[in-house]
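Take a look at the letters that make up each chain.
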Amino acid sequence: MRHPRLILAIFVLSGAAGLMYEVVWSRQLVLVFGNTTQAVSTILTGFFGGMAIGSFVGGRIADRVRSPLRLYGAIELVLVAVVLATPVTFRLLHEVYRGAYGSLEGQAEPLALVRFGLAILALAPATVLMGATLPTLTRQLTGDAHLSSAFGRLYTANTVGAIFGTLAAGLVLIELLGLTGTLIVGASCSALAGLVALWLSRDVTTAPDVHVHDAPAQSTSTADAARPSLALILAFVSGLTSLGYQVLWTRLLSSGTGNSTYVFTLILATFLIGIALGAAVFTRIRHRIGRPVGAIAIGQVVVAALAFASLVLVIGHPGPLDPTRVLESAGKAAGSVLLVVLPTTFVMGFMFPASSALLGDDPRRIATSAGGLLAANTLGAIVATFAIPFVVIPLVGSPVAVGLIAVVNILTALALLAAAPGLERARRIAGAAVAAIVGLAIVVGLVTPGTVVDPGVARVRQAGGTIFASAEDEIAAVQAGKRGQRELWVTGTSMTLLTVDAKLMPVLPLILRPQSTRALTVAFGMGSAFRAALIAGLRTDAVELVPSVPKMFGYFYDDAASVLANPTGRVILADGRNHVELTDQRYDIIVTDPPPPIESSGASVISSLEYYQAGHRLLNPGGIMMQWTPHGGTADEFKAHLRTFHSVFPHVTIANGPGHWGYYLLGSDEPMVFSDGAIREVLGRPGILAEISSAYDSPDNTVDGWVRRIASLLWISDDQVTAYTGDGPLITDDRPVPEYFLLRRLFGTPLSR
């Protein structure tokens, strides 16, 4: 085989491109379908499902062609065209989904089916092609070597590329080039890989043209006989457990960090580094492994032990973090990420390619076998995307879920030891005894109170706080408690306090438009804005992404039950951005309170140009949109927020929060004036004055005091906003400026347009 290293190099490019695509497409499709777990799982199923089909079908096609390398090159070049068309495809699907949403709103199952079908349509053309690449190159690279050797080398190369793609997209490309630019870079990598493959295919020896009648199947070179069915089962379990661990570690290790995109990038990159190192070691020592079944069984026990030990010793004992200092928090979390993720994924990375040693070396089925193995692994990942968030986490929570997956590893090890025909009896008994001991320790730890702890709960208690209630749903872990003042924590990050700033959110727009009757609040939080709007007499819809958040309402307000029972109020469990874009309701006031910190992952989708345009469409004539912007970020980033808001609303007023937590951005198509008469009239309505004066940080408690206070809060408006912000970039869906800031903060790089 000529140029094997160059073939591996182009597969590194393919891996880098694949991760760039996944990062960009996931974000773009969340904007179409929403950021609910149902929608995200649908997107992942579309992605993994296409990969599985591509692996299965592509392997069979690759076994029938004379030059798998030429086929691979053609696949990559076709992929480039498909990838470059996805932005247009996604926009068209968004319009289809918008039409379906209007007729199916409130009907969960039909809407889920529509999402699933559209996700398949959106992703299948590209992901089927992507899935076909590994089995195709496996046949090309196998030659006279064992299938598992070629599979292991290619799997390693592709994962190394995925590491580069993760780091490049998450740390550099999206900040500098935006999502579309990152997609183009990925397409360039695919194009280069395809062109080089076609060039190499001119003088690389073609794979042998083997036919069923002229080539007997070869036997595996290991001491274990070929057992393809067992290999597929192990691949399925590997996909199920590895993605399960990834989902759970991402939740647990990002807790309390502020949920920045850099924490998620760190976790994913570390996960992939461990997988790549393990696969590389397998490739190096593959010829020394006489019995892969025994080696995989040992690996399952080691994975279980490492995963559970790190859960108890590292995740359950988190250090203090300040989520408002996002980069500092990510740096502090790095140590825990390395301790928890790297050792376990190293062993996992070893085990998956080791299962390919059980496939045998039938030259007629090289690509078919490799494709089937990858398809089985991907199907396991698909099951995990649904079972973990929808079933396991709501039932037992993320920490216990880690322990349950570790139990699956132990059961797999015991089954393998029982089914290993060539393993000496003494070794089999010893291995089973070790597995049983580790499994028993895990079960005892799971049933012993205080052994397995949610890091958010642990951190509050370490700080001397009190937890009133803790819950975890398919979206996030949520706690209500007290640390000086009553607080709400979501994913370990404090969302809000019972502040005057929150209580004023619907009141300020009402003062500007006293005739208003309908309001929408996006992000429920402690329920302060929703409750204040109802007290003010507004028929109010509140949209909340995390189902457990409204359930904590009663820990902050004694009248929560009656507020929720108010027929003029409605709490909608949905993605706020999705609701604003798709609903046909109209409002006089829209209040948006993004989760802090301002740099948190996903916050830009409810503070972007497209979000403001969607909100503007929902407003009745003269209506007002109020966008809360908490302190944080740089002056240039704050100007980008104001500039983006003002680009949609011709009349804008910026006011300081009286609690000094941030700024109110008030926008309308018509002029806005805070008159003394309107302030007195609104505050004179039953309950409003008492409500805004009841906050622990409220600066006034009389009408006269609030008249003076509100006048003092006003900062700049209309042309003054334009003069302050100047010309510059906007925050858009394609360029989520607040979330991607590493280069600006480290090197002073200016905001990219």
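Above this text is the structure in question.
Residues numbered from 1 in each chain as written. Predicted model: local features only at pLDDT ≥ 70, side-chain atom pairs only at ≥ 80, totals over all residues. Heavy atoms only, no water.

### What to know about helix α10 (residues 366-396)
Over its 31 residues, α10 runs 42 Å from end to end, which matches the ideal 45 Å to within 8%, given 1.5 Å per residue. Of all bends in α10, the biggest is about 45°, found at I388, and the proline P389 comes one to four residues later. Looking one or two residues beyond α10, the residue adopting positive phi is G397, at roughly 90°. (Helix = DSSP H or I, 4+ residues; strand = E, 2+ residues; numbered from the N terminus. Expected span 1.5 Å × (residues − 1). Bend = angle between axes of the 7 residues up to and from the residue.)

### Considering the packing of helix α6 (residues 228-254) against helix α8 (residues 292-315)
Running from N to C, α6 and α8 point in directions that differ by 10°, and their axes come no closer than 13 Å. With respect to each other, α6 and α8 are oriented roughly parallel. When α6 is examined against α8, the residues L230, L234, Y245, W249, L252 and L253 are found in contact with a partner set consisting of V293, I296, V303, A304, A307, L311 and I315. In terms of residue class, the contact of α6 with α8 is built from 13 nonpolar, no polar and no charged. (Axes fitted to C-alpha atoms, helices over the stretch in contact; angles between N-to-C directions. Parallel < 35°, antiparallel > 145°, perpendicular 65-115°, else oblique. Contact = heavy atoms within 4.5 Å. Nonpolar A, V, L, I, M, F, W, Y, C, P; charged D, E, K, R; others polar.)

### Quick word on the packing of α8 against helix α12 (residues 425-447)
Across the interface, α8 lies against α12 with an axial gap of 10 Å and an inter-helix angle of 25°. With respect to α12, the element α8 is oriented roughly parallel. You can see that α8 and α12 cross each other, and the crossing is left-handed. Listed contacts from α12 to V301, A304, A305 and F308 of α8 are V434, A435, V438, A441, I442, G445 and L446. Of the residues assigned to the contact of α8 with α12, the class counts are 10 nonpolar, 1 polar and no charged. (Left-handed = near helix turned anticlockwise from the far one by under 90°.)

### Looking at the pairing of strand β9 (residues 619-630)
In terms of burial, β9 is a largely internal element, 10 of the 12 residues being buried. Sheet topology places strand β8 (residues 587-592) next to β9; 5 bridges connect them, and they run parallel. If you follow I589 over to β9, its bridge partner there is I624. A crossover links β8 with its parallel partner β9, the connecting element being helix α20 (residues 609-618), and its sense is right-handed. With 7 bridges connecting them, β9 and strand β11 (residues 662-668) associate as antiparallel partners. Within β11, the position partnered with M625 by the bridge is G667. (Buried < 20%, exposed > 50% of the residue type's maximum accessible area, 1.4 Å probe, protein only. Pairing = 2+ DSSP bridges. Right-handed = clockwise from strand over helix to strand, strands pointing away.)

### Observations regarding the pairing of strand β3 (residues 485-490)
A regular strand places its side chains so that they alternate between the two faces of the sheet. Relative to β3, strand β2 (residues 477-483) runs antiparallel, the two being bridged by 6 bridges. Residue pairing for β3: K482 is matched across the bridge by R486. Here β2 folds back onto β3 in antiparallel fashion, the turn holding 1 residue, of which G484 has a positive phi close to 85°.

On their own, these measurements won't tell you what the molecule is for.
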